[in-house]
Amino acid sequence: GATCPAGARHRVSSLPLPEAGIPGPRSMKIRLLAIGSRPDDWVRSGVDTYLERLPAHLKPELVEIPLSLRSSGGDPAVARAKEGQRILQRLKPHEFVIVLDERGKPWSSVELSRQLVRWQIEASAVALIIGGPEGLDDEVRKRANQSWSLSALTFPHGMVRVIVVEQLYRAWTILQGHPYHKV
C-alpha cells in the first residue's frame, strides 16, 4: 500500500466518525452546478484530470447552466436573478446545497475531508453551486445548507471548477491516507 506522509494517520483518525448505532458514510450523488456552458479547453482538461482520479461514488456530475445575456447598459442584478432562477429550477428538493461564495466559510483541505464524511452520512445527494460573473442571487444563498469560500481572492469561474474538483479529490485522498495530500 501507499505510505502516508508524517501525521496523516493522526489527521484521518481525528475525523469525526459515526458512533455506534449511527449509520456510517454511504454512497451519495454529487452534482456541480455552474453558470456558463463554454469553458476554455484548459478548464475542461483540468476538471477531467481530477474526475478520472475520483472513485465513481464521489465523481460529481457537471451541470452547466447558460449564462444570462449581458448588455452594455443592463442591470447586473437582473442577470444574477435570472441565473439564480435557473439554478433553483435545477435543484432537487432532497439535495444538500453548498454554494461557493466569497462570504462563505473557508475550509482547509482537512476540514473539507471532514465535510465530505458529514455529507456522506447526512445526505444522499449534494449540489455544489458556482455562480456567474456577478455572483449568486440571494434566493440561491437562502436555499443553501452551507456556504463555502475557497479564498478571499477572486478567481475566474473556470478555475473555480478545477479547484473544487481537485479539492474533492484531495479530501478523498486524505480520508484514504493517500500520500497525494502533503503538509
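Residues numbered from 1 in each chain as written. Predicted model: local features only at pLDDT ≥ 70, side-chain atom pairs only at ≥ 80, totals over all residues. Heavy atoms only, no water.

Student: Whenever I open this one, the pairing of strand β1 (residues 29–35) confuses me. Can you help?
Tutor: It is a general feature of regular strands that their side chains alternate between the two faces of the sheet. Judged by how many residues are buried, β1 sits mostly within the fold: 6 of 7 residues are covered. Note that the unit made of β1, helix α2 (residues 41–53) and strand β2 (residues 61–65) has a crossover that is right-handed. (Buried < 20%, exposed > 50% of the residue type's maximum accessible area, 1.4 Å probe, protein only. Helix = DSSP H or I, 4+ residues; strand = E, 2+ residues; numbered from the N terminus. Right-handed = clockwise from strand over helix to strand, strands pointing away.)

Student: What is the right way to look at the packing of aromatic side chains in this model?
Tutor: Any two aromatic rings considered together are summarised by their centre-to-centre distance and by the angle between their planes. Inspection of the entire model under this criterion finds 5 aromatic pairs. Ring centres of tyrosine 50 and tyrosine 169 lie 6.0 Å apart, and the angle between their planes is 45°; on these two criteria the pair is classed as tilted. With tyrosine 50 in helix α2 and tyrosine 169 in helix α6 (residues 157–176), the pair connects residues that are 119 residues apart, well separated along the chain. Tyrosine 169 carries the same exposure label as tyrosine 50, and that label is buried. (Phe/Tyr/Trp six-rings, centres within 6.5 Å; stacked < 30°, edge-to-face > 60°.)

Student: Looking at this structure, how should I read the sheet that holds strand β3 (residues 96–106)?
Tutor: Hydrogen bonding along the main chain pairs the strands of a sheet, whether they run parallel or antiparallel. In space, the 5 strands of this open sheet follow the order β2-β1-β4-β3-β5, with parallel pairing throughout. In this open sheet, the two strands that pair with only one neighbour each are β2 and β5 (146–149). Taking the axes of each pair of neighbouring strands and ignoring which way they run, one obtains an average angle of 30° across the sheet. Judged from the 5 bridges that link them, β3 and β5 form a sheet pairing that is parallel. Bridge pairing in β5 places valine 99 opposite serine 147. (Pairing = 2+ DSSP bridges. Axes fitted to C-alpha atoms, helices over the stretch in contact; angles between N-to-C directions.)

Student: How should I be thinking about the packing of helix α4 (residues 109–122) against α6 in this particular structure?
Tutor: Any two packed helices are characterised by the angle at which their axes cross and by the distance between the axes. At a minimum axis distance of 8 Å, the contact between α4 and α6 shows a crossing angle of 85°. The angle between α4 and α6 places the two elements in the roughly perpendicular class. Where α4 abuts α6, its residues Ser109, Val110, Leu112, Ser113, Leu116, Val117 and Trp119 lie against Gln167, Leu168, Arg170, Ala171, Trp172, Ile174 and Leu175. (Parallel < 35°, antiparallel > 145°, perpendicular 65-115°, else oblique. Contact = heavy atoms within 4.5 Å.)

Student: Please explain the packing of α2 against α6 as it appears in this structure.
Tutor: In the contact formed by α2 and α6, the axes pass within 9 Å of each other and the chain directions differ by 15°. Here α2 is positioned roughly parallel relative to α6, judged by the angle of their axes. Crossing hand, α2 versus α6: left-handed. Contacts between α2 and α6 involve Trp42, Val43, Gly46, Val47, Tyr50, Leu51 and Arg53 from the former and Gly158, Met159, Arg161, Val162, Val165, Glu166, Tyr169 and Trp172 from the latter. (Left-handed = near helix turned anticlockwise from the far one by under 90°.)

Student: I'm lost on the environment of proline 133 in this one. Help?
Tutor: Inspection of the secondary structure puts proline 133 in the loop between β4 (125–130) and α5 (138–143). Given a relative accessible area of 53%, proline 133 falls into the exposed group. Put simply, proline 133 and histidine 157 are 24 residues apart on the chain and 7.5 Å apart in space, counted from C-alpha to C-alpha. Other than its neighbours up to four places away in sequence, proline 133 contacts Leu67, Arg70 and His157.

Student: What exactly am I supposed to notice about the environment of valine 165 here?
Tutor: Within the secondary structure layout, valine 165 lies in helix α6. Once the C-alpha coordinates of valine 165 and lysine 59 are considered, the two residues, 106 residues apart in sequence, prove to be 8.6 Å apart. When near neighbours in sequence (up to four residues on either side) are disregarded, valine 165 contacts Leu32, Val47, Tyr50, Leu51, Leu54 and Pro60.

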